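Here are the chains, one letter per residue:
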Amino acid sequence: RYVSSDTFPWGLSGVCDEEKATFGNGSTTGRQTAGGKDPGRSGAFQILVGTEVAYWGHDTSVKNASAVLTGLMAAISKGEDSLVVLESTASGGSGLFHRRWVDSIDLNQFLAGGRSETGMVRIFAGWYEFEDSHLPVESEQEARDIFAGIGARNEAEFRREQQLSMRYNLTAGQIKYWRWLLGECDNDPDKRDREYPATPEDAFRAATPCRFNRSMLSELRIEAMQKFKDLQWGLLEQPNIDEKRYVWRVVQEESEANFCISDL
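Residues numbered from 1 in each chain as written. Predicted model: local features only at pLDDT ≥ 70, side-chain atom pairs only at ≥ 80, totals over all residues. Heavy atoms only, no water.

Visitor: What is the right way to read the layout of surface pockets from this model?
Guide: Vacant regions in the atomic arrangement are exposed by a probe of water-molecule size rolled over the atoms. Reported here for the second largest pocket is a volume of approximately 1,300 Å³. What lines the second largest pocket is a set of 41 residues, and nearest its centre among them are Val85, Leu86, Glu87, Ser88 and Ile123. Breaking the lining of the second largest pocket down by element, the ones donating at least two residues are strand E5 (83–87), helix H2 (96–103), strand E7 (121–122), helix H7 (189–195) and helix H8 (200–206). A total of 5 residues in the lining of the second largest pocket trace back to one element, the largest contributor, which is E5. (1 Å grid on protein atoms, 1.4 Å probe; cavity = no way out; pocket = protein on both sides within 12 Å on 5 of 7 lines; lining within 4 Å. Points joined across faces, edges and corners; volume = space filled by probe spheres on them. Helix = DSSP H or I, 4+ residues; strand = E, 2+ residues; numbered from the N terminus.)

Now the structure itself:
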């Protein structure tokens, strides 16, 4: 827990533990569960931090996530020093958190003077933004191999690595970490994108329920297209009309063939 290693110089004296915090200026904090009976109702708070809000509606203990959040928001004062933070990992492309996300504006738009009707700003933190999101690279040769795609799971993964590297200027150590995450997520790119997304779109897409695994379907498509390139076109010919014996002759053009051999 961050509270046990918080070294920020708050300039306040007080007590801070996992349940509450009190500060020398009279400020206090408390913790409640969204699954409680009308959490925060009739309160008067300056700051609200809602955690894993995307999962409130999926948690049976939070019977009406929208009403719970509305009640909590109503308990926040409307002064200039008020603040509401709704943080979460993604849980599909719909629901309470997703609606709030869509109705908010991007941070860069906000900093440029833009405002949303809801007054909310969306801020995304990709896996590559954290200091511990890398693995040591032993040599320059290993770094060159990583950037060349050596060690990537397949061609699709290598293309994603290239895209991410160009977009976010990733280091070889970060790509190595990205590959390690895939193994930790059962070699399922969707699981990795859900838990360690590179973009908001990746997060919402990967967290949307689907009967079929999109990443696996993509791999099957790539494999099928490769097999298509390996098709062998040819003719079955009967050298001797008096013998029931045929031989296979490979041809270069599909139009010349009457059969195709494939190991699909």
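After presenting the structure, the write-up continues.
Visitor: How should I be thinking about helix H6 (residues 172–184) in this particular structure?
Guide: The periodicity of an α-helix, 3.6 residues per turn, causes residues three or four places apart in sequence to face the same way. Between its first and last C-alpha, H6 extends 19 Å over 13 residues, near the 18 Å set by a 1.5 Å rise per residue. Of the positions making up H6, those classed as buried are Ala172, Gly173, Gln174, Ile175, Tyr177, Trp178, Arg179, Leu181 and Leu182. The inward-facing, buried residues of H6 abut helix H4 (140–147), helix H5 (155–168) and H7. Positive phi shows up at Asp186, right after H6, with a value of about 60°. (Expected span 1.5 Å × (residues − 1). Buried < 20%, exposed > 50% of the residue type's maximum accessible area, 1.4 Å probe, protein only. Contact = heavy atoms within 4.5 Å.)

Visitor: Could you clarify how one ought to interpret the pattern of salt bridges in this entry?
Guide: Close approach of charged atoms allows side chains of opposite charge to pair. Scanning the entire structure with this criterion turns up 11 salt bridges. A salt bridge links Glu140 to Arg144; its shortest N-O distance comes to 3.9 Å. A residue pair is termed a helical-turn pair when its members lie 3 or 4 positions apart in one helix, as Glu140 and Arg144 do in helix H4 at 4 residues. On the basis of relative accessibility, which here comes to 48%, the residue Arg144 falls in the partly exposed class. Residues joined by salt bridges that share partners form a network here, namely Arg160, Asp190, Asp193, Asp202 and Arg205. (Salt bridge = Lys/Arg side-chain N within 4 Å of Asp/Glu carboxyl O.)

Visitor: What am I meant to see in the side chain of Thr199 here?
Guide: Of note, Thr199 is situated in the loop between H7 and H8. Take Thr199: its relative accessible area is 7%, and that puts it in the buried class. Among the polar contacts listed, one links the side chain of Thr199 to the backbone nitrogen of Asp202, at a separation of 3.0 Å. (Polar contact = N/O pair within 3.5 Å; in protein donor to acceptor, adjacent residues only side chain to side chain.)

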